[in-house]
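Observations on chain architecture
Here are the chains, one letter per residue:
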Amino acid sequence: MQQNVSLSARPEFSMARIALAALPAVAVFVLVVPSLALAYPGQTLLEYGRNFIIAPLGLFAIVVGVGAAMFKPDLVKGAIWTAVICAFLFAIISGAPAIMSALQNS
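This report concerns the structure included in the present document. Throughout this document, residue positions are counted from 1 along each chain, in the order its sequence is written. In view of the model being predicted, local features appear only for residues whose pLDDT reaches at least 70, and side-chain atom pairs are presented and counted only at 80 or more, with totals across whole chains, interfaces and linings using the full set of residues. Side-chain measures here rest on the full set of heavy atoms in the structure, leaving out hydrogens and waters.

Attention now moves to the overall build of the chain. The helix count covers DSSP runs of H or I at least four residues long, the strand count covers runs of E at least two residues long, and both are numbered beginning at the N terminus. The secondary structure content of the chain amounts to 4 helices and 0 strands. In sequence order, the secondary structure elements of the chain are arranged as α-α-α-α. Relative accessible area decides the class of each residue, using a 1.4 Å probe on protein chains only: under 20% of the type maximum gives buried, over 50% gives exposed, and in between gives partly exposed. The buried share of the chain, taken over its 106 residues, is 14%. Should any heavy atoms of two residues lie within 4.5 Å, those residues are considered in contact. Excluding contacts between residues fewer than 6 apart, the proportion of contacts in the chain whose partners are at least 24 apart in sequence is 60%. When the accessible area of the chain is evaluated, it comes to approximately 9,000 Å², of which 73% is carbon and sulfur surface. The Shrake-Rupley method, run with a 1.4 Å probe, gives the accessible areas here. Residue values count only the displayed protein chains as cover.

If you want it as structure tokens, here you go:
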């Protein structure tokens, strides 16, 4: 069965219905936006890089270093330096808010 639908029929929206529909969006906005206001621009990107790029890269370097120690000892030196650099970058990024506030106050 096919229903006849007229193109001129428009649904009527009341202000109460629109306000009720917008309420969840406003609630999410009020709860999410303060968490996005971080210490400085780019902090979220730095934290993402710290947690999902630098930390796994450092752990992978340690695993490669342990595995390479058994088979190719010449790779251990590079793996150790990679792990040290990752640890240094991880520490700098973790302390970035304190560093930025110290620079702003001086």
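To continue, consider a nonpolar patch on the surface. Taken together, the side chains of Ile 80, Trp 81, Val 84, Ile 85, Phe 88, Leu 89, Ile 92, Ile 99 and Leu 103 present a nonpolar region at the surface, about 880 Å² in accessible area. Every element with two or more residues in the nonpolar patch is listed here: helix H3 (74-94) and helix H4 (96-105). Positionally, Ile 80 belongs in helix H3. Of the residues examined, Ile 80 reaches a relative accessible area of 49% and is grouped as partly exposed. Put simply, a patch holds well-exposed residues, over 30% relative accessible area, that have no salt bridge, with like charges counted together within 9 Å and Val, Leu, Ile, Met, Phe, Trp or Tyr side chains within 5 Å. Salt bridges are defined by distance alone: a side-chain nitrogen of Lys or Arg within 4 Å of a carboxyl oxygen of Asp or Glu.

Turning our eyes to something else, we now look at H3. Counted at 1.5 Å a residue, the expected span for H3 with its 21 residues is 30 Å, and the 31 Å between its end C-alpha atoms agrees. For H3, the full list of buried residues reads Val 76, Ala 79, Ala 83, Cys 86 and Ile 93. One face of H3 carries all of its buried residues, which in axial projection span an arc of 125 degrees. For H3, the exposed residues set more than 90 degrees away from the buried face come down to Asp 74, Lys 77, Trp 81 and Phe 88. Residues of H3 that are buried sit in contact with helix H2 (43-71) and H4. Helices are assigned an expected span. That span is 1.5 Å times one less than the residue count. What the arc covers is the set of directions going from the helix axis to the C-beta atoms.

A few words now on the packing of H2 against H3. Between H2 and H3, the least distance of the axes is 8 Å, while the angle of their chain directions is 155 degrees. If you check the angle between H2 and H3, you find them roughly antiparallel. Classified by chirality, the crossing of H3 by H2 is left-handed. Mapping the contact onto sequence places Leu 46, Arg 50, Asn 51, Ile 54, Ala 55, Leu 57, Gly 58, Ala 61, Ile 62, Gly 65, Ala 68 and Ala 69 in H2 and Leu 75, Val 76, Ala 79, Thr 82, Ala 83, Cys 86, Leu 89, Phe 90, Ile 93 and Ser 94 in H3. Each axis is a line fitted through C-alpha atoms, and for a helix only the stretch in contact is used; angles between axes span 0 to 180 degrees, taken between their N-to-C directions. Should an angle lie under 35 degrees it is considered roughly parallel, over 145 roughly antiparallel, and from 65 to 115 roughly perpendicular; all remaining angles are considered oblique. The handedness criterion is simple: a crossing whose near helix is rotated anticlockwise from the far helix by less than a right angle is left-handed, and one whose near helix is rotated clockwise is right-handed.

Let us now look at the packing of aromatic side chains. Here the distance between the centres and the angle between the planes together describe a pair of aromatic rings. In summary, the pairing rule links any two rings of Phe, Tyr or Trp, Trp by its six-membered ring, whose centres are within 6.5 Å, and it sorts them by plane angle into stacked for under 30 degrees, edge-to-face for over 60 and tilted for everything else. Taken as a whole, this structure holds 1 aromatic pair when the rule is applied. On the numbers, 5.1 Å between centres and 40 degrees between planes, the contact of Tyr 48 with Phe 52 is tilted. Taken as a pair, Tyr 48 and Phe 52 lie in helix H2 at a separation of 4 residues, close to a single helical turn. Of the residues examined, Phe 52 reaches a relative accessible area of 57% and is grouped as exposed. Only when the NZ of Lys or the CZ of Arg is both within 6 Å of the ring centre and within 35 degrees of the ring normal is a charge said to sit over the ring. Above the plane of the ring of Phe 90 lies Arg 50, whose end atom (NZ or CZ) is 5.4 Å from the centre.

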